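# Summary of the model geometry
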Amino acid sequence: MTPQDAPFSIAVGAYPTSASGPLHSKPRGLDEPAPPLLRVTDLARDYPLPRAGLFTPRAQVPALRGVSFQVTAGRSLGIVGESGSGKSTLARLVMALDTPTRGTVELLGRNLHTLPAAALRAARRDFQMVFQDPYGSLDPRQTVERIVAEPLHMLAPAPRAQQRAQVLQVLDQVGLRSADADKYPHEFSGGQRQRIAIARALITRPRLIVADEPVSALDVSVQAQVLNLMQDLQEHSGVTYLLISHDLAVVSHLCDEVLVLREGAVVERGTPQALFSDPQHPYTRALVDAVPRVEPAPTGTPTGPL
């Protein structure tokens, strides 16, 4: 086992560890009040159902119901909930990949959903996304250099040599080699592919990264490696994370605040320590109770092969 193949703990409240030591703990002291980088207000999204009859109006199913929150620059907000709770819908709306039924998403004071197309394209340099599946989010026909440089196309044209220099710099930031720029995705492991996806998100130096289940598709042995990387990048660059996850241990360690979504609505919010050690809402308690726990074996219990 290499240092990159370290095990990852899934117990709530326990910090993930790696062979080289524990994941870096982040100080959570009191900060001076600052204006929010991201402000979401009364965000809702309804999707139409098929018509029951030729002349009957379409029924609407609410995927998101009036969600509001804000995130200060350099902090991390976690969104947790079961499948179908509206987490991915929220991520798409924050990324302006879908249109809300009502509500606003403001980044740096700009309402993303009212910006003209050209202005929104330019604004995307400030917010990028890391997708769940590192296998499906990378074009297998393109080299790593082209994949990572893709977001630069929304900026002013630059000489290819300059773009390559930017790609090599960001690959170094995520722990990959310069020679990797000329390779293709199939030549990398799952953890390395997610590093490539993170490099692509970082290339424009965004203020916000939306990470939708960034480690759930990875082997347990490489999850700690990617999480360490994300936290290191935040400490060095001040990037803000909106982290979508069903893994309470990941959210507990990486995030400063957590929202619990159920059926598209926020049912509880708070710090990870308070929320997961003393949940108040029955749904939050059910999520915490559902996390597998390994109890220590009683003293004297045989541990060898049967």
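What comes next concerns the included structure.

About the thresholds
- Residues numbered from 1 in each chain as written.
- Predicted model: local features only at pLDDT ≥ 70, side-chain atom pairs only at ≥ 80, totals over all residues.
- Heavy atoms only, no water.
- Helix = DSSP H or I, 4+ residues; strand = E, 2+ residues; numbered from the N terminus.
- Buried < 20%, exposed > 50% of the residue type's maximum accessible area, 1.4 Å probe, protein only.
- Contact = heavy atoms within 4.5 Å.
- Areas by Shrake-Rupley, 256 points an atom, 1.4 Å probe, with all protein chains shown as cover.
- Pairing = 2+ DSSP bridges.
- Axes fitted to C-alpha atoms, helices over the stretch in contact; angles between N-to-C directions.
- Salt bridge = Lys/Arg side-chain N within 4 Å of Asp/Glu carboxyl O.
- Core = buried A, V, L, I, M, F, W, Y, C linked by side-chain atoms within 4.5 Å.
- Right-handed = clockwise from strand over helix to strand, strands pointing away.

## Description of the overall build of the protein chain
Helix and strand counts for the protein chain come out as nine helices and 12 strands. Split into buried and exposed, the 306 residues of the protein chain put 45% on the buried side. In the protein chain, once contacts between residues fewer than 6 apart in sequence are set aside, the share between residues at least 24 apart is 68%. Accessible area for the protein chain stands at about 15600 Å²; split by element, carbon and sulfur atoms hold 54% of it.

## Here's the deal with unusual backbone geometry
A positive phi angle, close to 50 degrees, is found at Glu213, a residue other than glycine. Its location among the elements puts Glu213 in the loop between β9 (208-212) and α6 (220-237). Relative accessible area serves as the criterion here: at 9%, Glu213 is assigned to the buried category. Despite not being glycine, Glu263 has its phi angle at roughly 50 degrees, a positive value. Tracing the chain through its elements places Glu263 in the loop between β11 (257-262) and β12 (265-270). Residue classification places Glu263 among the exposed residues on the basis of a relative accessible area of 52%.

## A few points about the sheet that holds strand β3 (residues 36-48)
Read from one edge to the other, the open sheet built from four strands follows the order β4-β3-β6-β7, with strand pairing classed as antiparallel. Strand pairing shows two members of the sheet lacking a second neighbour, β4 (60-72) and β7 (110-111), which therefore form its edges. One ladder, built from two bridges, connects strand β6 (residues 102-107) with β7; its direction is antiparallel. Looking across to β7, one finds that Glu106 is bridged to Asn111. Together, β3, β4 and β6 form the strand contacts of helix α1 (residues 87-94), whose direction differs from that of β3 by roughly 120 degrees.

## Considerations on the pattern of salt bridges
Taken as a whole and assessed by the stated rule, the structure comprises 11 salt bridges. The shortest N-O distance in the salt bridge between Asp256 and Arg75 comes to 3.7 Å. With Asp256 in the loop between α7 (248-254) and β11 and Arg75 in the loop between β4 and β5 (76-80), the pair connects residues that are 181 residues apart, well separated along the chain. Of the charged contacts, one joins Glu145 and Arg160 as a salt bridge, the two residues approaching to 3.5 Å between their closest N and O atoms. In this pair, Glu145 is assigned in helix α3 (residues 144-149) and Arg160 in helix α4 (residues 160-173), connecting sequence segments 15 residues apart. You can call Glu145 buried: its relative accessible area is 8%. Look at Arg160 and you get exposed, because its relative accessible area is 58%. Through salt bridges with shared partners, a single network forms among Glu145, Arg160, Arg164 and Asp182.

## A look at the nonpolar core
Formed by 48 residues in total, the largest nonpolar core has its most connected members in Val148, Leu171, Val174, Ile196 and Ile198. Excluding anything up to four places from it in sequence, Val148 contacts Val167, Val170, Leu171, Ile196, Ala199, Arg200 and Ile203. With 29 residues, the next largest nonpolar core counts Leu43, Leu64, Leu90 and Val105 among its residues.

## Re the pairing of β9
Summarising burial for β9: five of the five residues are buried, a large majority. The two faces of β9 match: Leu208, Val210 and Asp212 on one face and Ile209 and Ala211 on the other face are all buried. Strand direction decides the pairing type here: strand β8 (residues 127-130) and β9, joined by four bridges, are parallel. By the bridge assignment, Phe127 is partnered in β9 with Leu208. As judged from the five bridges shared by β9 and strand β10 (residues 240-244), these two strands associate in the parallel manner. In the sheet register, Val210 faces β10, and the bridge partner there is Leu242. The parallel pair β9 and β10, bridged by α6, forms a crossover whose chirality is right-handed.

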